[in-house]
Amino acid sequence: MAKSNLLFIHFSSSSFSSRRRPGLLKHLSRRLSQTACEFDMACNSSGCESGGCSEREKENGSKIEESAVAGGVSQESVCVKCKCNEPMTFGDGGSDDGRFCADCFRNNVYGKFRLAVTSHAMITPSDNVLVAFSGGSSSRVALQFVHDLQIKALKNFEASRDRSLPVFGVGVAFVDESGAYPALSTEMDDAVAWIRSTVSSLSKDLHVVPIESVFGSDSVEARDRLVKLLESVSDETGKEDLVLHLRMLSLQKVASENGYNRLVVGSCTSRIASHVLTATVKGRGYSLSADIQHVDARWKVPIVFPLRDCVWQEITRFCQLDSLKTMELARHPQSGINELVSTFVALLQEENPSRECTIVRTAAKLTPFHFNKIPETDDSNVPMATQRRLKKFNLKYDGSMTTEAFCPICNGPLNGSDSSDFNTFEEECNESDALYAACCSSCRFQILPQDRSSLERFGSFLPHQILSHQKKVNSQAYLREKIKDCLILDNDGEEAV
Amino acid sequence: MQLTLEFGGGLELLCDSVKIHKVNVDLPDESHILTMKDLLKWVRTNLIKERPEMFIKGDTVRPGVLVLVNDCDWELSGQLETTLEEKDVVVFISTLHGG
Amino acid sequence: MEAGEAKSKKAGGPRLCCICNLRRPVLKRPKTLQQICRECFYEVFEEEIHQVIVKNHLFKSGERVAIGASGGKDSTVLAYVLSELNKRHSYGLDLFLLSIDEGITGYRDDSLETVKRNEVQYGLPLQIVSYKDLYGWTMDDIVKMIGLKNNCTFCGVFRRQALDRGAALLKVDKIVTGHNADDIAETVLLNILRGDIARLSRCTSITTGEDGPIPRYYFSTECIYSPNAYRGFAREFIKDLERLRPKAILDIIKSGEDFRIATTTKMPEQGTCERCGYISSQKWCKACVLLEGLNRGLPKMGIGRSRAGDVNGDLHNKNESKSGPTVKSIESRKQCGSLDF
């Protein structure tokens with residue numbers, strides 16, 4: 001078969017990485033068992049050191065000199081962490097270039113991952129986790145780390161006498177988006193072959209699913225519906241976002257059909273920073289705080305983001321250092337708002353290397369939703385350390401467990417102002433009105449077609465999950481409207497917060 | 001071609017603080033019409049004395065600069081493709097600075 | 001042939017104003033993408049502002065209201081619209097123009113002329129307050145003393161108080177300023193970019209400072225010196241956005257209004273300055289700290305985080321210390337030319 005020239009497989013060729021790679025796992029697990037707590041310490045300081053979150057100082061201009069001096073010291077080649085090994089130089093002028101030695105750098109990145117996992121109870125021994133894998137650097141690193149964690153758990157399991165703690169399972173899912181972006185189809189066979197070979201050493205269970213699988217099992221009909229659905233969306237940004245939502249639905253479908261109870265998504269700080277701005281620009285200020293936490297359990301299978309605190313530069317360097325191969329599909333290029341925001345964030349990042357961190361930190365101060373944590377499970381399964389951590393971090397949540405209504409398209413929690421149309425909504429009205437009434441204002445604008453007949457067509461092509469969800473929202477709203485007068489207005493107080 | 005060009009909202013600072021320029025613009029070679037595209041090029045070389053990036057971005061005006069051709073927003077007349085005629089009045093207003 | 005085509009193009013094609021269907025359109029409203037004529041634009045624009053005023057109960061009959069007038073586009077439009085609406089809808093307001101003269105040679109002169117024209121045009125009494133009168137220093141004096149670097153700190157801090165003091169002179173109940181949607185969208189973005197959650201929670205609210213001396217409705221400050229790099233990026237980003245999706249600017253503001261910000265997020269404690277009585281989270285307000293520095297010949301005093309602390313720290317040591325260190329950074333991270341609330 002002719003090799004497609006659209007498939008890029010990056011073999012990183014840094015000089016020390018080739019001899020490092022085979023030993024990494026052994027190395028990491030050895031380090032892990034030696035000093036588990038060291039990672040936390042490393043991370044507490046590193047959260048700001050490697051990410052370069054020294055923004056305030058820089059903005060005030062008062063500490064610039066100091067950091068320049070620090071940079072000068074590290075030029076004299078000692079790792080700033082262990083103070084003995086030679087630091088790595090990437091020569092890309094990045095913020096932590098020439099600061100850490102290879103070991104400390106790895107520990108630092110893995111430490112952030114591990115801290116996120118343990119402090120938010122992302123993965124517990126009885127879990128069965130599905131890693132969403134796109135082939136890109138972030139999901140590649142996420143998969144590697146989850147695998148490393150599993151290896152370590154296996155070792156502990158074998159070493160323990162009673163073998164009481166089970167070891168969590170790991171599966172991998174890849175969503176084939178060529179149904180949405182036909183340009184991908186020429187390279188998809190090669191891509192899937194590459195993924196199979198890459199994943200084979202890391203997990204037994206690989207699920208490759210076409211994105212149209214959410215439309216039903218008949219692949220021809222499903223693809224047809226997908227194409228028609230996307231055709232009826234006129235806004236380019238809206239189309240892109242709709243594909244993202246469908247991809248999440250596909251992942252959820254794979255996860256729940258195959259008995260997984262966690263979905264690991266490798267979004268890094270940089271990706272989340274872009275999301276903060278795109279969401280703001282799209283008028284999604286209310287639901288934003290739901291999307292950017294470590295845990296998002298509004299889905300049937302809760303999603304966890306263990307790389308949320310790692311920046312893109314660290315991730316790619318990690319891949320480079322450990323020769324983790326990645327694959328970039330020649331995706332449909334981003335356009336519209338999403339592209340504009342990415343360019344803007346890249347520009348800001350160039351101007352100040354800690355900007356992405358600051359953006360995410362700002363957004364993290366917004367109040368999360370009650371579903372932004374792993375739902376209470378049987379406590380006996382959660383290790384004591386994790387329980388302590390959860391307590392220690394005392395994460396603030398919206399305590400009230402109000403039954404939130406969600407937009408059927410994007411699954412964003414609906415704001416009071418979104419549902420204002422419910423007041424005029426009657427159960428008897430037609431389907432497209434019902435769809436319109438159930439969606440958030442952002443989806444109404446950028447995804448739903450504006451004229452009635454197109455909206456009807458659009459509605460008829462939507463996957464069943466979305467439609468049934470929509471019916472639920474409508475009936476909830478209807479009920480709410482009916483019993484409104486009997487309710488004590490505790491809701492208002494909460495929304496004013 | 002005789003044109004009146006007006007710069008406002010701070011843009012006049014880029015051309016010696018003169019707001020109104022009565023100018024004579026030659027038609028581009030091998031052409032008998034003058035478009036806004038041509039005019040922008042002409043303004044860039046002949047009128048703007050400093051910081052051209054405050055006025056031009058790429059081949060059009062910087063976002064935030066309002067352009068009126070005979071008191072009518074150029075968005076309605078085809079932006080860069082707008083053809084100019086003798087004695088037209090073109091106004092550039094920056095909305096980027098100050099309130 | 002070509003000329004004919006050009007003519008029809010210029011006339012906006014065969015299309016007529018979307019609203020009156022009579023006259024030729026002169027602009028496309030970014031907000032609605034409607035092509036409308038001059039007359040209809042004035043009409044909808046004024047009507048919208050009227051609706052905002054009515055909906056938000058901005059004014060009560062008989063109130064004295066100062067319009068923060070910089071001589072720029074926004075405040076000129078504001079002065080016109082407000083005096084027009086006041087007559088048309090009988091708000092019963094006493095309107096004044098309030099301008100600030102920073103004392104920058106060749107910078108304010110022009111705009112003050114504009115304000116003076118507005119005074120005549122709309123028959124509104126004008127009050128100009130100058131830094132020189134209020135503080136004894138013009139910006140030119142200050143720049144002479146401290147150089148170009150950091151002078152915006154002075155300008156910004158002094159201007160905030162100057163408006164309030166001018167308002168006190170005029171004995172007005174409210175100050176109105178001409179911030180437009182772009183300004184507010186930009187402020188939302190900047191507050192995200194610089195991690196200022198306290199400001200983020202306040203910046204979209206239509207009225208601010210109700211606990212201060214005088215409620216003030218938006219005021220904008222402008223500065224031609226040393227803008228922050230990312231401020232420039234943000235402004236251009238917003239304009240690019242508007243080009244791509246005009247609604248985005250209003251969406252940013254909507255986001256800003258909808259952000260879930262807990263009331264428990266630390267806000268600086270508000271007290272009053274022991275020296276001048278202005279609202280301050282510290283013993284002395286920032287303006288007094290800066291002034292003290294100028295008058296003592298130590299102009300660096302009050303600039304930057306640590307130093308701002310030092311001055312007040314000094315005071316605390318002499319007296320008793322009261323406020324925590326967290327408050328300082330909020331005051332001092334104020335950006336040059338930023339919208340201060």
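Because the structure is a prediction, the values reported are computed rather than measured.

## What about the overall build of chain B?
Secondary structure summary: chain B contains one helix and nine strands in total. Helices and strands appear in chain B in the N-to-C order β-β-β-α-β-β-β-β-β-β. Over its C-alpha trace chain B gives a radius of gyration of 13 Å, about what one expects of a compact globule, namely 13 Å for 99 residues. Here the C-alpha coordinates of chain B stretch approximately 40 × 25 × 25 Å along the principal axes. Taken across its 99 residues, chain B has 52% of its residues classed as buried. In chain B, of all internal contacts separated by at least 6 residues, the share reaching a separation of at least 24 is 57%.

## Let's talk about the overall build of chain A
Helix and strand counts for chain A come out as 21 helices and eight strands. A burial count over chain A gives 54% of its 497 residues as buried. Sequence separation of at least 24 residues holds for 76% of the intrachain contacts in chain A that already meet a minimum separation of 6. Carbon together with sulfur atoms contributes 54% to the accessible area of chain A, which is approximately 22,400 Å² in total.

## Focus: the sheet that holds strand β7 (residues 72–73) of chain B
All names here are of chain B. Taking strand neighbours across the sheet as the criterion, the five strands line up as β2-β1-β9-β6-β7 in an open arrangement whose pairing is mixed. Looking along the sheet, the strands with just one partner apiece sit at the ends: β2 (20–24) and β7. When strand β1 (residues 2–8) meets β2, the two strands line up antiparallel, connected through five bridges. Opposite Gln-2, over in β2, you have Asn-24 as the bridge partner. Each of β1, β2, β6 (65–69) and β9 (88–94) touches helix α1 (residues 36–46); the most contacted strand, β1, lies at about 65 degrees to it.

## Topic: helix α6 (residues 139–146) of chain C
Residue and element names in this part refer to chain C. Considered for burial, the residues of α6 that qualify are Met-139, Ile-142 and Ile-146. Taken end-on, α6 shows its buried residues confined to a sector of 60 degrees, consistent with a single buried face. Following α6 by one or two positions, Gly-147 has its phi on the positive side, about 85 degrees.

## A few points about the domain arrangement of chain A
Residue and element names in this part refer to chain A. Here chain A is described as being made up of domain 1 (96–375) and domain 2 (416–486). Between the C-alpha centres of domain 1 and domain 2 the distance comes to 29 Å. Facing 18 residues of domain 1, the contacting portion of domain 2 comprises 14 residues. When domain 1 packs against domain 2, close to 1,500 Å² is buried across both sides, 59% of that on carbon and sulfur atoms. Scanning the region where domain 1 abuts domain 2 turns up zero salt bridges. At the boundary of domain 1 and domain 2, one finds five residue pairs in polar contact (both at pLDDT 80 or more). Mapped by element, the contributors of at least two residues to the side of domain 1 that touches domain 2 are α9 (219–231) and α10 (236–257). By residue number, the principal contributor to the side of domain 1 that touches domain 2 is α10, which donates eight residues. The residue makeup of the side of domain 1 that touches domain 2, split by class, is seven nonpolar, four polar and seven charged.

## Quick notes on the sheet that holds strand β7 (residues 303–304) of chain A
Residue and element names in this part refer to chain A. Read across the open sheet, the six strands follow the order β4-β3-β2-β5-β7-β6; overall the sheet is mixed. Each of the sheet's edge strands pairs with one partner strand only, and the pair in question is β4 (205–210) and β6 (295–296). Here strand β3 (residues 169–176) runs beside β4; their pairing, made up of six bridges, is parallel. Opposite Asp-176, over in β4, you have Pro-210 as the bridge partner. Contacts from α10 reach β2 (128–132), β3, β4, β5 (262–264) and β7, with the element oriented near 145 degrees to β3.

## Regarding the state of the cysteines
Residue and element names in this part refer to chain A. Summed over the entire model, instances satisfying the criterion amount to zero disulfides over all chains. Free cysteine: Cys-407, not disulfide-bonded; nearest cysteine sulfur from Cys-410 at 3.7 Å. Looking at Cys-440, it has no disulfide partner, and the nearest cysteine sulfur is the one in Cys-443, 3.7 Å off. For Cys-440, a relative accessible area of 7% puts it in the buried group.

## Let's talk about the pattern of salt bridges
The final tally for this structure, using the stated rule, is 32 salt bridges over all chains. Note that Glu-236 of chain C is salt-bridged to Arg-62 of chain B, the shortest N-O span being 3.4 Å. You can see Glu-236 of chain C sitting in helix α10 (residues 229–244) and its partner Arg-62 of chain B sitting in the loop between β5 (60–61) and β6, one on each of two chains. With relative accessibility at 10%, the residue Arg-62 of chain B sits in the buried group. In this structure, Lys-239 of chain C engages Glu-242 of chain C in a salt bridge whose closest nitrogen and oxygen atoms are separated by 3.1 Å. Of this pair, Lys-239 of chain C and Glu-242 of chain C both sit in helix α10, separated by three residues, roughly a single helical turn. What makes Lys-239 of chain C buried here is its relative accessible area of 9%. A relative accessible area of 17% means that Glu-242 of chain C is categorised as buried. Where salt bridges share partners, they join Lys-57 and Arg-62 of chain B together with Glu-236 and Asp-240 of chain C into one cluster.

## Describing the packing of helix α6 (residues 102–119) of chain A against helix α7 (residues 137–159) of chain A
Residues and elements named next belong to chain A. Packing of α6 against α7 leaves a shortest axis separation of 11 Å and a crossing angle of 70 degrees. Classified by the angle their axes make, α6 and α7 are roughly perpendicular. Residue-level contacts link Val-109, Tyr-110, Phe-113, Arg-114 and Val-117 of α6 to Phe-145, Val-146, Asp-148, Leu-149 and Lys-152 of α7. For the contact of α6 with α7, the per-class residue count stands at seven nonpolar, no polar and three charged.

## Describing the nonpolar core
Val-146, Leu-242, Leu-246, Leu-263, Ile-409 and Phe-458 of chain A are the most contacted members of the largest nonpolar core, which has 99 residues in total. Here this core spans two domains, and each of domain 1 (96–375) and domain 2 (416–486) of chain A adds at least three residues to it. Among the nonpolar cores identified, the runner-up in size contains 37 residues, and Leu-277 and Leu-366 of chain A together with Val-188 and Leu-193 of chain C belong to it.

## Concerning the packing of helix α17 (residues 431–438) of chain A against helix α19 (residues 452–461) of chain A
Residues and elements named next belong to chain A. For the pair α17 and α19, the least separation of the axes is 9 Å and the interaxial angle reads 80 degrees. Taken as axis vectors, α17 and α19 run roughly perpendicular relative to one another. Seen from α17, the contacting residues are Ser-432, Asp-433, Leu-435 and Tyr-436; seen from α19, they are Arg-452, Leu-455, Glu-456, Phe-458 and Gly-459. Taken together, the residues of the contact of α17 with α19 sort by class into four nonpolar, two polar and three charged.

## Some remarks on the environment of Glu-177 of chain A
Residues and elements named next belong to chain A. Mapped onto the fold, Glu-177 is located in the loop between β3 and α8 (185–199). For Glu-177, a relative accessible area of 6% translates into the label buried. Through-space distance from the C-alpha of Glu-177 to that of Arg-247 is 7.9 Å; in sequence the pair is 70 residues apart.

## What about unusual backbone geometry?
Backbone geometry at Asn-411 of chain A places phi at a positive 65 degrees, although glycine is not the residue there. Tracing the backbone shows Asn-411 of chain A in the loop between α16 (384–393) and α17. For Asn-411 of chain A, a relative accessible area of 9% translates into the label buried. Despite not being glycine, Gln-79 of chain B shows a phi value in the positive range, around 45 degrees. Along the polypeptide, Gln-79 of chain B turns up in the loop between β7 and β8 (83–84).

## A few points about the confidence of the model for chain B
On average, residues of chain B score 82 in pLDDT, and 96% of them are at 70 or above. Here the predicted complex carries an ipTM of 0.74, next to a pTM of 0.72.

## Description of the environment of Leu-241 of chain C
Tracing the backbone shows Leu-241 of chain C in helix α10. Setting aside its immediate chain neighbours within four residues, Leu-241 of chain C contacts Val-281, Ile-337 and Leu-340 of chain A together with Pro-246, Ala-248 and Ile-252 of chain C.

Parameters at a glance
- Residues numbered from 1 in each chain as written.
- Chains lettered and ligands numbered in written order.
- Predicted model: local features only at pLDDT ≥ 70, side-chain atom pairs only at ≥ 80, totals over all residues.
- Heavy atoms only, no water.
- Helix = DSSP H or I, 4+ residues; strand = E, 2+ residues; numbered from the N terminus.
- Rg over C-alpha atoms; globule rule 2.2 N^0.38 Å.
- Buried < 20%, exposed > 50% of the residue type's maximum accessible area, 1.4 Å probe, protein only.
- Contact = heavy atoms within 4.5 Å.
- Areas by Shrake-Rupley, 256 points an atom, 1.4 Å probe, with all protein chains shown as cover.
- Pairing = 2+ DSSP bridges.
- Axes fitted to C-alpha atoms, helices over the stretch in contact; angles between N-to-C directions.
- Arc of directions from axis to C-beta.
- Domains from an automatic or database assignment.
- Buried area = accessible area lost by both parts, 1.4 Å probe.
- Salt bridge = Lys/Arg side-chain N within 4 Å of Asp/Glu carboxyl O.
- Polar contact = N/O pair within 3.5 Å; in protein donor to acceptor, adjacent residues only side chain to side chain.
- Nonpolar A, V, L, I, M, F, W, Y, C, P; charged D, E, K, R; others polar.
- Disulfide = S-S within 2.5 Å.
- Parallel < 35°, antiparallel > 145°, perpendicular 65-115°, else oblique.
- Core = buried A, V, L, I, M, F, W, Y, C linked by side-chain atoms within 4.5 Å.
- pLDDT = per-residue confidence, 0-100.

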